[in-house]
Amino acid sequence: IGTPKYQAGFAHFDYVNPNAPKGGTLRLSDVGGFDTLNPSLPKGNPAPGLGLVTESLMTPSMDEVSTEYGLLAEAVKYPADYASVTYRLRADARWHDGEPVTIDDVIWSFHITTEINPNVGAYYSHVTKVEKTGEREITFTFDAPGNRELPQIIGQLTVLPQHYWEGTDAKGNKRDIRKTTLEPPLGSGPYRVKSFTAARNIVYERVPDYWGEKLNVNVGANNFDQIRYESYLDETVQLEAFKGDQFDFRAENSAKNWATGYDFPALQQGRVIKEAIPDEARGVMQAFVVNLRRDKFKDPRVRLALNYVFDFESLNRTAFFSQYKRDNSYFAGTELASSGLPEGKELEILETVRGTVPEEVFTTPFANPVGGDPAKQRENLRKAVELLAAAGWTFKGKTLVNAKGEPFTIEYLFADPNFERVILPYQQALARIGIALSPRTVDAAQYQARLRSFDYDMITFTWPQSLSPGNEQRYFWGSKAADSATSYNFAGIKDPAVDKLIDRVIFATDRDDLIAATRALDRVLLWNHFVIPQWFYGADRLAWWNRFGHPDPLPKYSIGFPTIWWWDAEKAARTGSTK
């Protein structure tokens, strides 16, 4: 989108080491195990790393906001109105069994994955026709012009081998892509499955005759001979395994662990590297999410009251070692986040929904309630009670009840036991105003099942945002997605103004227009109080055993791990052999 940084015939991306050595084994980890090697189904727990086996038409660069270059495809064209896109396949693209990647594979992959995976179906819902238009050319036609992102996201389509999935396995049984399977899949990518033990581990090996080895987009990439994933029951065990040198690389999502959990000899000796690397590639909204499908949460005053009860500042100080910032945007940490009062093009866009959105959108900069000490918290609780009273909730003794006399209860559903330390202070604060919050811990499978059936009062969820938002906003916040069991609209938002602004984002005409439309959407989402914002960090907290090299500097919008990192034999010798 926009003018590509790299022109036709470029040798390699600027950020790679084109002479990176090949070799070594990278040991990674996973929590919860896996029960399928089918990369396409939304059900089951797929094995980590399956993306190493598959490929798409295009691949993104790591130093541009939103640009992709040819992988399975060697060329792309689209008309000025973005009403269609045509891709031309590389003649030498091959599956691991030596068969060519064909246009029929692309057409079949599109139809089968949009059929069996509702998320993919929603993502590509604007495609009305897919047809072969040349020897190696395929054209996708869209339902309307003007969607600048559609030609690019078609390039993200995972291409699968039709002949494999419609064939038979080693025992003569016909394969069915609609079912989970533990048969290693055929792919075209730089790695293939070498071995695995279901629910425990999986090993990928680099394909020695990989067809795309010398492509400019692959120079300096895919450097490890083997990549192994080991599964652990929970993150506590996983951290101890890392400290015991059972795997090599860990992304830490716990502020407490980051502050206190890495004080062990290997770090002090320099055998383990611990570094927080700024993340400039994405925004984020992490929040307590209430289920708007339930009557007790439909009034925005109730949801705002729940925000007043949440004392982020005290929690950040006592539990998170003051590492976090409060989420004040659905695109926090990026230029897409709204701030102050709307003006210019953003204001023009918001005028199109005036009267259907909260008036504060135009009059008041959004800010979360601020706690942090007993006086502020008492005042916040008083405001919460006032809002709840205005919404029809009153006290019966020490219990908050509605007009029917029903108590205000909240079941908080979660799968990570470590989150109890976050939810318990919130539970205690809610109890002070007569609301009973009950934490309910379930295993990962039950958690996913209850999400898909909308069987929850409150959860925590994180929506990551790219710097080029588009069609995915529909299944984050769109009305149709609220009824889809596989969307990310966990709040259950159904709001015509939000739908209109989502379309404005999708059909933005240029970068400035996209920024203005995204800020307008952000502002309306915030002032509807759909969620109770939590926090964000703005960096990747990483720790790894010092056996690897990586480009310096790293690309602007990604750490590039493990794609452009490599095994460093000298560092490995100093660090010591793996255990």
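Before reading on, note that the structure itself is shown above.
What you see is a predicted model, and the numbers here were worked out from it, not measured in a lab.

Participant: Quick one: what's the story with the sheet that holds strand E11 (residues 201–206), residue by residue and with numbers?
Facilitator: Sheet architecture is open: four strands sit in the order E1-E12-E11-E10, paired in mixed fashion. The outermost strands of the open sheet, each flanked by one partner alone, are strand E1 (25–31) and strand E10 (191–197). Strand-to-strand twist across the sheet, computed as the mean angle between neighbouring axes with direction ignored, equals 20°. Against the sheet, helix H5 (residues 235–243) makes contact with E1 and strand E12 (226–232), and its axis sits at roughly 160° relative to E1, the strand it touches most.

Participant: Outline the nonpolar core, supporting the account with residue identities and numerical values.
Facilitator: Counting 161 residues, the largest nonpolar core has Leu57, Phe140, Tyr204, Leu306, Tyr426 and Trp477 as its most contacted members. With ten residues, helix H17 (residues 511–527) is the largest single contributor of residues to this core. In this structure Tyr426 touches Phe288, Leu306, Val309, Phe310, Leu437, Met458 and Ile532, once residues within four positions along its chain are discounted. Membership of the second largest hydrophobic core comes to twelve residues, among which are Tyr232, Phe242, Ala543 and Trp545.

Participant: Account for the side chain of Asn307, with residues named and values stated.
Facilitator: As for its placement among the helices and strands, Asn307 is situated in helix H8 (residues 300–309). Judged by relative accessible area, which is 3%, Asn307 ranks as buried. When neighbours within four sequence positions are excluded, Asn307 is seen to be in contact with Arg326, Asn368, Pro369, Ile532 and Pro533.

Participant: Lay out the packing of helix H16 (residues 496–506) against H17 in plain terms, naming residues and giving numbers.
Facilitator: The description of two helices packed together rests on the angle between their axes and the distance between the axes. Between H16 and H17, the least distance of the axes is 8 Å, while the angle of their chain directions is 160°. With respect to H17, the element H16 is oriented roughly antiparallel. In this structure, the crossing between H16 and H17 has a hand that is left-handed. Between H16 and H17, the contacting residues are Val498, Leu501, Ile502, Arg504 and Val505 on the first element and Asp513, Leu514, Ala517, Thr518, Ala520, Leu521, Val524 and Leu525 on the second. Taken together, the residues of the contact of H16 with H17 sort by class into ten nonpolar, one polar and two charged.

About the criteria used
Residues numbered from 1 in each chain as written. Predicted model: local features only at pLDDT ≥ 70, side-chain atom pairs only at ≥ 80, totals over all residues. Heavy atoms only, no water. Pairing = 2+ DSSP bridges. Helix = DSSP H or I, 4+ residues; strand = E, 2+ residues; numbered from the N terminus. Axes fitted to C-alpha atoms, helices over the stretch in contact; angles between N-to-C directions. Contact = heavy atoms within 4.5 Å. Core = buried A, V, L, I, M, F, W, Y, C linked by side-chain atoms within 4.5 Å. Buried < 20%, exposed > 50% of the residue type's maximum accessible area, 1.4 Å probe, protein only. Parallel < 35°, antiparallel > 145°, perpendicular 65-115°, else oblique. Left-handed = near helix turned anticlockwise from the far one by under 90°. Nonpolar A, V, L, I, M, F, W, Y, C, P; charged D, E, K, R; others polar.

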